[in-house]
Structure formats: C-alpha cells, structure tokens
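Observations on the model geometry
Listed below are the residues making up each chain.
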Amino acid sequence: MTSASGETQYCNQRWYDYTGLTPTESLGWGWQNVLHPDDRDATTTAWQMAFAAGRSIETQYRLRRADGAYRWFIARAMPHHNADGSIAAWIGSCTDIHDQKQIEQERLRLTDELQAKQNLLEAVLQQMPAALIVVEAPSGGIILTNEQIKQILRGATPTSSSIDEYDQYPCYYPNGEPYPLIETPVARSIRTGEIIRDEEMLVRCGDGTTRRVISSSSPIRDADGQIVAAVGTFYDITDRQQMEAALRESEALFQQLADHIDDAFWMVDLDYRLIYTSAAYERIWGRSCPDANSFVYDSWLQTLHPDDQARINAFYAENNLDRYEIDYRIVRPNGTIRWIRDRGFPISNEAGQVYRIAGVAEDITDRKQTESALDSALKKLNFHFENTPLAVIELDRDLQVMRWSKTAERVFGWSAAEVVGRDLSEFRFVYEPDAEIVQRVLDRILIDREIQTVAQNRNYTKTGAILTCEWHSSALLDDDGTLFRFCLWYSTSPIAKTPNAIANSCCSANKKPAKKLNAPIASKTNFSRFSHTNCDRPSIRSWAGLACCKLANLIRPDSIAPSKSLSATPNCKRN
C-alpha cells in the first residue's frame, strides 16, 4: 500500500521473503532498488502517469529475488478514495508470472521461427528452377503450386480439383501417345504410392506449343503411413535438348572437319594434358595419337629434331599464354624429317581466364623445300646479275629503278645507291634525238606484244658523255600474264652508227614472231602522248602504259630543235 503520492507505506511478509529487503529498505521509493535495470525507467513512468491521472494501473516488470535471480511479475494497483472523492491511498499487488512469461516468450519464439521457416520455404518454392505442384489425396486436387509452373505451361496456374480435370494441360508420352489422366506421375503417386524419378513427357501448353519436360513425383504420408498428398516437380528440357542436339551436330561437324583437313588440330590444358588431337597427327608425325588426359609435352618434345629441341623448349618456357607461330622439325620413326609450322592460341572461359591452349600444326616440308630451291636459284641469279659483263637494269611498272648492276655503275657512272628507287625521269639518261627509237621499242612491246626486243639508241653517262648502246629488253610477267618488270641488258656497240642507222636498227632487229602478252594494251603511236594527263583509259594504267608516260618525260624539250618534231616517225615497217 502507498500514499496518495505513490510512496510505499506497507508491504506484506511475502514481499520481504522474496526480495530479502527490510521494511526500512522497502518503504518510500526503496522498493525500486529490486527492479531490473532495463525495466526501471518504464515502470517509474507508468506509475507517475497513473498517479497523475488517478486511474488504475497494470504493468509487468522483473524483480530481483533474494538470491539475485530476476523473475517476471505483473503489478496491479488501484486508488482508494476519501469521502470527498480525493485519493487517500493506493492498494496494489505483485503476482509472479515468470513461468507463464517464459511459456509466452517460447511461444513467440517458436511462432517467429515457424514464420521464418515458412518464408524460407516459400522463397525456395518460388525460386527453385523446377515447377512444383502439391495435390491432396485421394481426390488429386491441387493445393499448392509455384510461379515456375506458369512459366513452363505458358498459361494460367492449373486449378484442377480432381484427377479428372488434369486434361487442362494434356500430357503425352515421348512417342506422342496421350497419357491417361490416372497415369500421370502425381496421380500414380496418390493411387499407388509410387515414387517416379525423371520421367520424360510432352505437355501441351497454354500458348499451343508442346514442351518436353522431366517429371518426378512422390507420395506424402502421415504418421500412420497413410497417403495424404503427393508432390510433383517438372523441369522444362526443351531448350536443353535442342542445345544438346545442336552441340552434337556441331561436334560431329567439327570431328568431320578435323578428320579431313591436312593439318593436325590439338588442344591441351594449362598442364599440357591432352584434351584432343585430330587424326592428321598420325599422318604427319607417323605415330599413334596420344591418349586423352595424358601429359604430352615431354613425349612431343622428344619427336622434335635434336637441333630444335632446346630452342623450342626455351620458346614455350618464355611464352606467356600468348598467340604464337613457330617452325620446327620433327623426326618420324622411320628417320625422315618433316618441317612443321605450329600456330597456338589461348582459349578463355566465361570469366576471361585462360584455361586451355589450342593450335594447328601444318606440314610445310614441301614449302620449305621450294623456298630453299628458290633461295638457291635467287643466289645464283644475283651472282650472275652482279658479275655479268653486261650492264643490267631492272625497272618496275612505274619505271622506277629496282636494280642497277655493278657493270651499269661502271658504264654509266651512277652508283646503285644514287638511282635505285628513283624514276628514270629524275636524271638525264636517254639521248633526246633517239626518243622515237625508244618509242618504237615500246610500241613493239605495247602494240605488237613482244616480250623480247633488241634495239640500239644512245644514252648519257653521269658525266654527260654519250654512249651508243644495244639494249636487249625483256618484259617480265606475273602468273596472270600481266607485265610487272622490265629488264634491260646493255652492251656497248663496237661501231658507232649514224642516227639514221640507229633508228632503222629497231625496224630490222628481231624478225621472229612476237610472243604475246595476255592482256591487250591500247595503241599509242605518238611518244609525247604517253603523259599521265592523257592516259584516260583504265587499260593504260597497266605497267606498260605507265612506262610510256615515264619515258616521255625523259626527253628534255628545251634540248630538241623545233624543226625536229618527235611526232615525225621514220618510215619503218613494224615487226
């Protein structure tokens, strides 16, 4: 009991027995010393509000027992009034509810735990990749589905209330025969307790398409073993099967390609364990293909020519998973040697990390032998070119000097370094009065399509001296018969000829039938018309046409008398 202001005036013996406080310690506001610290502020506030309002109060808090343990109590107090209606005192009680409180807290905990599990189960059901359906027994009515079943069926959620309504989405065997309604997986689990694993079936969906699914089902039994429900799952494997079919086709095409190309295709992991090698390996190496998943680097290295092993081993040790191309020799079991060009490249996974290395090994023995023969022939040709007593000049399509032999250096005075890469028009070389002779030689090549000509004309040396030269010209053709080089062999004439004799020499030389060029070339008879500004037909842009244009620029107009027009051509019969 308390005073009107809430100060404790009386406590019964049970209070003292429980709290261990003395009357002096309990009276006034001393009783609050046994309140749990976490409950003290809320309890004090509740009492103050009740006193101020003059109304009854009920609250819960923990009180410390004499042994120090805290227990939950429910406290109730009501005001006692005087005759005039004023509050005379407060009478209250504290009831131990600790056991009930624990039960309630445990119930709340279990409720929260159950709710959490239900939320988790719901999340799992809705997020699982398979469609799920739960039906009750014995009717087969649907009581639970997840969102995925709508996605698979391409329509509304099935709402069958019995097995007889399972035809909402008709099912078929893989061969196309309809499923009897009572033979669907969940129906069998309800009727017979059968557990079905991964049964393939076709389902007619809401959009009219047919999807291929894998279905599983199992009965749910109660404590007495009675079937009360069944749960079924469905996985849509339509896309997967299509992808698997495409993959099988791709693998078959790859296998056909790999087995029929001349090059050996190979693939290893980063530890050089073999993943794949094509059949061409046996033909090129003369050895059986290594076993898959075997470590092949050391055995492969031993097939290399002894002189190449150290070089190749060092190369692979330094290669940091980059693309590469390298040549080496192998030694077959019968002792023959073959040249191999190996191209390798890294393969990355979806994360961009290199996890495999693949490559193509090509047998280039024949090419190497051809290159060696060509190299030998080129060395011989260069030897003869540099050591022939004739002055040899090689021009490209644009009449730029490509080669200038040592004899040409000695005869004409210009060094190769001075003229190679330069146009003939960049230095004074053709003697101006003999321009028409040069024109007629070009006509024999361009119009009469001769690939070999012999003529005489005069040329300048570097010092300005004039030499009478006999030129043996050869047109060099590419594989298509197109003119792309012009070689001149020069020998000085032992007897100087008059200009008319030199002019007539080009008409009398080389009476043999002309060798034909593949591509026809337009006729240009006036030498001065072979300037670039007048080459308006595409065919003139061949080498020969350019040659005419370039040689026209060799003539210095200011050095030719006006009365001697270059267009005046001596009477000479064309070959």
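Residues numbered from 1 in each chain as written. Predicted model: local features only at pLDDT ≥ 70, side-chain atom pairs only at ≥ 80, totals over all residues. Heavy atoms only, no water.

1. Digging into the overall build of the chain
Assigned secondary structure in the chain consists of 16 helices and 20 strands. Burial analysis of the chain (575 residues in total) assigns 40% to the buried set. Looking at the chain alone, contacts between residues at least 24 apart form 45% of all its contacts between residues at least 6 apart. With an accessible surface of roughly 32300 Å², the chain has 52% of that area assigned to carbon and sulfur atoms. (Helix = DSSP H or I, 4+ residues; strand = E, 2+ residues; numbered from the N terminus. Buried < 20%, exposed > 50% of the residue type's maximum accessible area, 1.4 Å probe, protein only. Contact = heavy atoms within 4.5 Å. Areas by Shrake-Rupley, 256 points an atom, 1.4 Å probe, with all protein chains shown as cover.)

2. Comments concerning the nonpolar core
W285, W300, L304, I312, Y328, I330 and I340 are the most contacted members of the largest nonpolar core, which has 22 residues in total. Of all the elements in the fold, those that place two or more residues in this core are β11 (264-269), α8 (280-285), α9 (297-302), α10 (306-318), β13 (324-331) and β15 (354-363). Leave out the neighbours within four places in its chain, and W300 touches W285, I312, Y316, Y328 and D342. (Core = buried A, V, L, I, M, F, W, Y, C linked by side-chain atoms within 4.5 Å.)

3. Quick word on helix α3 (residues 37-53)
In this model α3 runs 25 Å from its N-terminal to its C-terminal C-alpha over 17 residues, within 8% of the 24 Å that 1.5 Å per residue would give. The complete set of buried residues in α3 reads D39, T43, T44, W47, A50 and F51. For α3, the buried positions fall inside an angular range of 130° around the axis, keeping them on one side. In α3, those exposed residues whose orientation departs by more than 90 degrees from the buried face are D38, D41, A42 and A52. Buried positions along α3 lie against β2 (57-64), β3 (70-81) and β4 (87-96). (Expected span 1.5 Å × (residues − 1). Arc of directions from axis to C-beta.)

4. Description of the sheet that holds strand β8 (residues 196-204)
Taking strand neighbours across the sheet as the criterion, the 6 strands line up as β6-β5-β10-β9-β8-β7 in an open arrangement whose pairing is antiparallel. The open sheet has two free edges, formed respectively by β6 (142-145) and β7 (171-172), since each of these has just one partner strand. Alignment of strand β5 (residues 131-136) against β6, held across 3 bridges, turns out to be antiparallel. Among the inter-strand pairings, V134 is bridged to a residue of β6, identified as L144. (Pairing = 2+ DSSP bridges.)

5. Things to note about the confidence of the model for the chain
For the chain, per-residue confidence averages 79 on the pLDDT scale, and residues scoring 70 or more make up 82% of the total. Confidence over residues 493-498 falls short of pLDDT 50; this stretch has 4 contacts with residues more than four positions distant or in other chains. Between residues 505-575, whose pLDDT stays under 50, and residues either more than four places distant or in other chains, the model counts 137 contacts. (pLDDT = per-residue confidence, 0-100.)

6. Details of the environment of D84
Note on placement: D84 falls in the loop between β3 and β4. Since its relative accessible area comes to 64%, D84 is described here as exposed. Among the polar contacts made by the side chain of D84, one reaches the side chain of S86 at a distance of 2.7 Å. (Polar contact = N/O pair within 3.5 Å; in protein donor to acceptor, adjacent residues only side chain to side chain.)

7. Describing the environment of W47
Relative to the helices and strands, W47 is located in helix α3. For the pair W47 and A77, spaced 30 residues apart in sequence, the C-alpha to C-alpha distance is 9.2 Å. Not counting residues up to four positions away in its chain, the partners in contact with W47 are W31, I57 and A77.

8. What about the pairing of β5?
Among the 6 residues of β5, 5 are classified as buried, and the element is accordingly described as predominantly covered. Of the pairings in the sheet, the one linking β5 to strand β10 (residues 227-236) comprises 6 bridges and is antiparallel in character. Among the inter-strand pairings, A131 is bridged to a residue of β10, identified as F234. Between the end of β5 and the start of β6, which pair antiparallel, lie 5 residues, with G140 showing a positive phi angle near 90°.

9. So, unusual backbone geometry
Working note: non-glycine residues mostly have negative phi, and peptide bonds are mostly trans. Cis geometry marks the peptide bond from A137 to P138; its omega dihedral reads 5°. Residue placement: P138 occurs in the loop between β5 and β6. The backbone phi angle of R154 is positive, close to 55°, even though this residue is not glycine. Here R154 shows up in the loop between α5 (147-153) and β7.

10. A closer look at helix α6 (residues 185-192)
α6 sits mainly inside the fold: 6 of its 8 residues count as buried. Within the span of α6, buried status applies to P185, V186, A187, R188, S189 and I190. Where α6 is buried, its residues touch β5, β8, β9 (210-221) and β10. Looking at the residues trailing α6, positive phi occurs at G193, about 75°.

11. Observations regarding the packing of aromatic side chains
For the structure on display, the rule yields 25 aromatic pairs. Taking the centre distance of 6.1 Å and the plane angle of 45° together, the rings of F265 and Y276 count as tilted. One end of the pair, F265, is in strand β11; the other, Y276, is in strand β12 (residues 274-277), with 11 residues separating them in the sequence. When sorted by exposure, F265 lands in the same class as Y276, which is buried. Pairing Y297 with W300 gives two aromatic rings, centres 5.7 Å apart and planes at 45°, and the pair type is tilted. Residue Y297 and its partner W300 are located together in helix α9, separated by 3 residues, close to a single helical turn. Here the two residues Y297 and W300 agree in accessibility, since each one is buried. (Phe/Tyr/Trp six-rings, centres within 6.5 Å; stacked < 30°, edge-to-face > 60°.)

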